[in-house]
Amino acid sequence: VEETYIMVKPDGVQRGLVGEIISRFEKKGFKLTGLKLFQCPKELAEEHYKDLQAKPFFPKLIQYITSGPVVCMAWEGVGVVASARKLIGATNPLQAEPGTIRGDLAVQTGRNVIHGSDSPENGKREIGLWFKEGEVCSWAPVQEPWLRE
Ligand code: GTP
Ligand code: MG
């Protein structure tokens, strides 16, 4: 089953946006399978964003992600990876559509409040990176028959 790694970045935690962000995914109908507040070590931030290592903004990105606690989440559902990216909106919040998380709640790429995996493969990879065994729960929400025919 498809899963994605969603993370409220330190600015989202500091600005009190955690509840608002979780609420959007809950209301959409996806299943929360992992959740924790976590101070990310530098090594993990570097591993998570290793594809961006060569970018000029990489040191700033690592500084940003490790600057305070983040909220780590695993969400599950059919099509959850692409749908979460839509709910999140464009990387640059000024270009993100109103109605999206970044479009509604942020103004700058370097403070764009949330991360979402960009493929199902990376969803699995990132959940494995950020969660230990036993921290991700399998469960059956009672609303399931009311979400899918
Ligand atoms: P994530 O969900 O966080 O992976 O964002 P994304 O997939 O929309 O963008 P991408 O993976 O290309 O970049 C990862 C993160 O690096 C972005 O979300 C930003 O926080 C940061 N970033 C990307 N481009 C820039 C940039 O030009 N300047 C700065 N300061 N940060 C950037
Ligand atoms: Mg990305």
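The name recorded for the protein in an unreviewed UniProt entry is Nucleoside diphosphate kinase, from Protea cynaroides. The UniProt entry for the protein carries the following text under Sequence similarities (unreviewed entry): "Belongs to the NDK family." UniProt's Cofactor (unreviewed entry) comment on the protein is quoted here verbatim: "Mg(2+)".

Considering the overall build of the protein
Tallying secondary structure elements over the protein gives eight helices and four strands in all. Start at the N end of the protein and walk to the C end: the helices and strands fall as β-α-α-β-α-α-β-α-α-β-α-α. In terms of overall dimensions, the protein is globule-like: its C-alpha atoms have a radius of gyration of 15 Å, near the 15 Å expected for 149 residues. Principal-axis analysis of the C-alpha atoms places the extent of the protein at approximately 50 × 35 × 25 Å. Taken across its 149 residues, the protein has 46% of its residues classed as buried. Sequence-distant contacts, at least 24 apart, represent 77% of the contacts inside the protein between residues at least 6 apart. Split by element, the accessible area of the protein, about 8400 Å² in all, is 55% carbon and sulfur. Here the protein contributes 19 positively and 19 negatively charged side chains, and the mean placements of these two sets differ by 5 Å.

Overview of the sheet that holds strand 1 (residues 3–8)
In any sheet, the strands associate via hydrogen bonds between backbone groups, in a parallel or an antiparallel arrangement. Strand order in the open sheet formed by four strands is 2-3-1-4, with antiparallel pairing between adjacent strands. Pairing within the sheet leaves two strands with one partner each, and these edge strands are strand 2 (31–38) and strand 4 (114–116). The mean angle between the axes of side-by-side strands here comes to 15°, regardless of whether they run parallel or antiparallel. When strand 1 meets strand 4, the two strands line up antiparallel, connected through three bridges. Paired with V8 across the two strands is I114, which belongs to strand 4. Packing of helix 2 (residues 18–28) onto the sheet brings it into contact with strand 1, strand 2, strand 3 (70–76) and strand 4, and relative to strand 3 it is tilted by some 5°. Each of strand 1, strand 2, strand 3 and strand 4 touches helix 7 (residues 120–130); the most contacted strand, strand 1, lies at about 55° to it.

Things to note about the UniProt feature "domain: Nucleoside diphosphate kinase-like" (unreviewed entry) in the protein
In the numbering adopted here, UniProt assigns the feature "domain: Nucleoside diphosphate kinase-like" (unreviewed entry) to residues 1–138. The straight-line gap between the two end C-alpha atoms of residues 1–138 is 11 Å; of that span, 41% is helix and 17% is strand.

Section: the site of ligand 1
Taken together, 15 residues form the shell around ligand 1, and within it K9, Y49, R85, T91 and N112 come nearest. Within the side chain of Y49, an N or O atom sits 2.8 Å from an oxygen atom of ligand 1. Between ligand 1 and the protein, one listed contact pairs an oxygen atom with a side-chain N or O atom of N112 at 2.8 Å. Notes on ligand 1: free accessible area 590 Å², of which the protein chains cover 76%. The set of elements that each furnish at least two residues to the shell around ligand 1 consists of helix 4 (58–65) and strand 4. Sorting elements by how many residues they give to the shell around ligand 1 places helix 4 first, with three residues.

Scoring rules and cut-offs
- Every chain is numbered independently, its residues counted from 1 as its sequence is written.
- A letter from A marks each chain and a number from 1 marks each ligand, given out in the order of writing.
- Reporting of local features is limited, given that this is a predicted model, to residues whose pLDDT is at least 70; pairs of side-chain atoms are given and counted only at 80 or more, and all residues count toward the totals for whole chains, interfaces and linings.
- The side-chain quantities take in all heavy atoms of the structure and omit both hydrogens and water.
- UniProt positions are given in the numbering used here, feature names are shortened, and annotations may be inferred rather than shown by experiment.
- Helix and strand definitions here come from DSSP, where helices need a minimum of 4 consecutive H or I residues and strands a minimum of 2 consecutive E residues; each element is numbered from the N-terminal end.
- Taken over C-alpha atoms, the radius of gyration is set against a globule rule of 2.2 Å times the number of residues to the power 0.38.
- Using a 1.4 Å probe on the protein chains alone, a residue whose accessible area is under 20% of its type maximum counts as buried, one over 50% counts as exposed, and one in between counts as partly exposed.
- Contacts are residue-level and defined by heavy atoms, with any inter-residue pair within 4.5 Å sufficient.
- For the area figures, the Shrake-Rupley method with a 1.4 Å probe applies, and any residue is considered shielded solely by the protein chains shown.
- None of His or the chain ends enter the tally, which takes Lys and Arg as positive and Asp and Glu as negative.
- Each charge is placed at NZ for Lys, CZ for Arg, CG for Asp and CD for Glu.
- In this description, strands pair whenever DSSP reports at least two bridges between them.
- Only C-alpha atoms enter the line fits that serve as axes; for helices the fit covers just the stretch in contact. Angles between N-to-C directions range over 0 to 180 degrees.
- In this text, near means that some heavy atom of the residue lies within 4 Å of the molecule or strand in question.
- Polar contact is the term for a pair of N or O atoms within 3.5 Å; when the atoms are in protein, one must be able to donate a hydrogen and the other to accept it, and sequence-neighboring residues count only if both atoms are side-chain atoms.

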